[in-house]
Amino acid sequence: MSGVTHFEQTFRAALPVDLDEAAHRCLVAGFEGTSVVPDTLKRLVDRGLGGVILFTRNVRDAEQVRRLTDTLRSLRPDLLVGIDNEGGGIGHLVGAGAPDVPGSYALGVVDDTVLTARCADALAGHLAGLGITASYAPVADVQHQPDNPIVRTRAFGTDPQLVARHVRAWIAATEARGIASCAKHFPGHGGTLTDSHHELAVDPRPYEELDLAPFRAAVAAGVPMLMSAHVVFPALDANRPATLSRRILGDLLRLDLGFDGVLVSDALEMKAIADRYGEEAGARIALAAGADQVVVAVPDLEVTLSCRDAVIGALHSRLLPEERVMEAAERVRRLAARYAVPALALAPWDAGAGLEAARRAVRGQGTGGPVPGAHVVDLFPPPHPALNWGGEDLLSEVRAVDPTATGTTVTGEAADPASLVDGIVRLAEGAPLIVATCDAGLYPWQRHLRDTLLARRPDAVRVATGLPDGDALCSYGRGRVNLRAVAEVLTGA
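These remarks concern the structure in this document. Keep in mind the model is a prediction, meaning the values are calculated, not measured.

1. A few points about the pairing of strand β5 (residues 180–186)
Then step 1. Burial runs high along β5: 7 of the 7 residues are buried.
Then step 2. Here strand β4 (residues 134–135) runs beside β5; their pairing, made up of 2 bridges, is parallel. Bridging from a neighbouring strand, S135 pairs with S181 of β5.
Then step 3. Note on the crossover from β4 through helix α7 (residues 160–176) to β5: the handedness is right-handed.
Then step 4. Where β5 and strand β7 (residues 225–228) come together, 4 bridges link them in parallel fashion. Looking at β7, one finds that F186 is bridged to S228.

2. Quick notes on unusual backbone geometry
A negative phi angle characterises most non-glycine residues, just as the trans form characterises most peptide bonds.
Then step 1. Here the residue pair A137 and P138 is connected by a cis peptide bond, since its omega of 15° sits within 30 degrees of zero.
Then step 2. A cis geometry characterises the amide bond from F186 onward to P187, with omega recorded as 0°.
Then step 3. In this structure, P187 sits in the loop between β5 and β6 (201–202).
Then step 4. You will see that D111, though not glycine, has its phi angle at about 55°, which is positive.
Then step 5. In this structure, D111 sits in the loop between α5 (104–110) and α6 (113–130).
Then step 6. A relative accessible area of 32% places D111 in the partly exposed class.
Then step 7. Positioned with a positive phi, R152 is a non-glycine residue whose angle comes to about 50°.
Then step 8. Looking at the secondary structure, you find R152 in the loop between β4 and α7.
Then step 9. Look at R152 and you get buried, because its relative accessible area is 9%.

3. Re the sheet that holds strand β9 (residues 262–264)
Then step 1. One open sheet accounts for 8 strands, arranged β9-β7-β5-β4-β3-β2-β1-β10; its pairing is parallel. Where the open sheet ends on each side, the last strands, each with one partner, are β9 and β10 (294–296).
Then step 2. For strand β3 (residues 80–83) and β4, the ladder comprises 2 bridges, and the chain directions are parallel. Across the sheet, residue I83 finds its bridge partner in β4, namely S135.

4. Quick word on α7
Then step 1. The end-to-end C-alpha separation of α7 is 24 Å, in line with the 24 Å expected for 17 residues at 1.5 Å each.
Then step 2. Where the residues of α7 are buried, they touch α5, α6, β5 and α8 (213–220).
Then step 3. Where α7 ends, the next residue or the one after it, G178, has phi of about 75°, a positive value.

5. Comments concerning the nonpolar core
Then step 1. Among the nonpolar cores identified, the biggest contains 103 residues, and L41, L72, I132 and L226 are the most heavily contacted of them.
Then step 2. Every residue in contact with L226, bar those within four places of it in the chain, is listed here: C182, A183, F215, V219, L253, F259, V262, L263 and V264.
Then step 3. Ranked by size, the runner-up nonpolar core spans 21 residues in total, among them L80, Y136, A180 and M270.

6. Quick look at the sheet that holds strand β12 (residues 406–410)
Then step 1. Taken in spatial order, the 5 strands make up an open sheet running β12-β11-β13-β14-β15, and their pairing is parallel. One side of each edge strand has no neighbouring strand; the edge strands of this open sheet are β12 and β15 (473–474).
Then step 2. Here strand β13 (residues 433–437) runs beside strand β14 (residues 461–464); their pairing, made up of 4 bridges, is parallel. Following the sheet pairing, T437 is matched in β14 by A464.
Then step 3. Sheet contacts for helix α15 (residues 394–401): β11 (375–379), β12, β13 and β14; angle to β11, the most-contacted strand, approximately 150°.
Then step 4. On the sheet, helix α17 (residues 444–456) packs against β11, β12, β13 and β14 and is oriented at approximately 155° with respect to β11.

7. Remarks on the side chain of D402
Then step 1. With respect to the helices and strands, the residue D402 is situated in the loop between α15 and β12.
Then step 2. An unpaired buried charge is present at D402: no salt bridge exists, and R399, the closest side chain of opposite charge, is 7.7 Å distant.
Then step 3. Engagement of the side chain of D402 in a polar contact is seen with the backbone nitrogen of G373, the distance being 2.7 Å.

8. Thoughts on the state of the cysteines
Covalent bonding between the sulfur atoms of two cysteines is what defines a disulfide.
Then step 1. Taken as a whole and judged by the stated rule, the model has 0 disulfides.
Then step 2. Cysteine C438 is unpaired, with the sulfur of C474 as its nearest cysteine sulfur at 9.4 Å.
Then step 3. Here C438 falls in the buried class, since its relative accessible area comes to 9%.

9. Description of the packing of aromatic side chains
Then step 1. Tallied over the full model, the rule gives 3 aromatic pairs.
Then step 2. Considering the side-chain rings of F156 and W170, the 6.1 Å spacing of their centres and the 65° angle between planes classify their relative orientation as edge-to-face. With F156 in the loop between β4 and α7 and W170 in helix α7, this pair connects stretches of sequence that are 14 residues apart. Each member of the pair, F156 as well as W170, carries the same accessibility label: buried.
Then step 3. Aromatic side chains F186 and F215 sit 5.3 Å apart centroid to centroid with 85° between the ring planes, which places their arrangement in the edge-to-face category. On the criterion of sequence distance, the pair formed by F186 in strand β5 and F215 in helix α8 is long-range, its members being 29 residues apart.
Then step 4. Over the aromatic face of F380 sits the side chain of R478, whose NZ or CZ is 4.0 Å from the ring centroid.

Quick notes on the rules
Residues numbered from 1 in each chain as written. Predicted model: local features only at pLDDT ≥ 70, side-chain atom pairs only at ≥ 80, totals over all residues. Heavy atoms only, no water. Buried < 20%, exposed > 50% of the residue type's maximum accessible area, 1.4 Å probe, protein only. Helix = DSSP H or I, 4+ residues; strand = E, 2+ residues; numbered from the N terminus. Pairing = 2+ DSSP bridges. Right-handed = clockwise from strand over helix to strand, strands pointing away. Expected span 1.5 Å × (residues − 1). Contact = heavy atoms within 4.5 Å. Core = buried A, V, L, I, M, F, W, Y, C linked by side-chain atoms within 4.5 Å. Axes fitted to C-alpha atoms, helices over the stretch in contact; angles between N-to-C directions. Lys, Arg positive; Asp, Glu negative; His and termini not counted. Salt bridge = Lys/Arg side-chain N within 4 Å of Asp/Glu carboxyl O. Polar contact = N/O pair within 3.5 Å; in protein donor to acceptor, adjacent residues only side chain to side chain. Disulfide = S-S within 2.5 Å. Phe/Tyr/Trp six-rings, centres within 6.5 Å; stacked < 30°, edge-to-face > 60°. Lys NZ or Arg CZ within 6 Å of the ring centre and 35° of its normal.

This is the structure we're talking about:
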């Protein structure tokens, strides 16, 4: 029978009903589908599943998403429905008409907390209309390490105090909409050189140099959820990543920072956990260490069932104390009682806040005036496999305001870079040339193409669509409004 494992058949009777429900409250599951809820997921919800997390795979349009969330909530009214909703180039609701807002770094560059709150309000209002009640945002990480591959423009900036004030503004605006916010990734992912989606990350700094200020600010602001980082902090616990560390989740977060909300893990299938511990052991250890919910984001519900079975088995064998799971489940119940039902009435939000912020964020070298009819070369990496990308590119935004523009987009290392450069130079003959890169310092192929083009066309206008790159015109992100704002500067629109 689908959704009922041999393990479950053996041990379900061994757990009291309330403890079985508590174990399920500690799980957040991803799934496949835009309209039909899988039978396995229905059974998990019936047993007490704490929440579901939506991704692009669950989204066609706004009406469909609302029908889906209504269907999910009809299974159990207190089911939390969450999604990653940071804004910028990362988001899963493009098809559902999500408000266009720049990524967090651009908001930090502007450093107007009222404007940050307006952008967060727009995102939260949209979520409320879709029946989504939990937002895994804001990013409270500080972009400390220049070669960090995963935080970058997702952070509000490099200064912990700046990040802290924008985190507070974001949380307050989201709370005002009745949406549960979640500051992430505790105690910070910005000091690593590794993406924990791919391998275990380490932040080697001493305790006094760690970027805890934004998380302290989030707790003081009443954030209802925090998300842990799959990062090892030798100054705190040399043996385990934060997600699995009692010292970090218990001693630091609960005792030092005084957080009593729901602590949720980052996704267990990320290789920092899956490759070293396995998702099942990760679920058990994370809950024992102090997490209240563990996220299994993959759509394969068999992985969720395996994690659930590992938790139930650990309860049966007393490796996982009953009181720890009951405590965690009670926190989830309190969260659900406060946020699970979306607001009935929706106040309008400021649809123009995002473009205003993006325009105010543009910095760097002037173009010397508009460059109409330019040939735009947009160099950027392919989308991160775990993060959505809405398909935005600079050429499309330039052409939207200057239909005479032409261009070339390149999303990876060319088989024949010399021929590519020759072709671009021919196409751009007699026209202004714009060369845009995205975090070229991380991608040698971008640096090579950029430098080769500039050697052939020293008059080219340089643009950076990630973090700053010398004196290039910089958007501080690749959200659609980030690129539109740069396009307006380039064309004089």
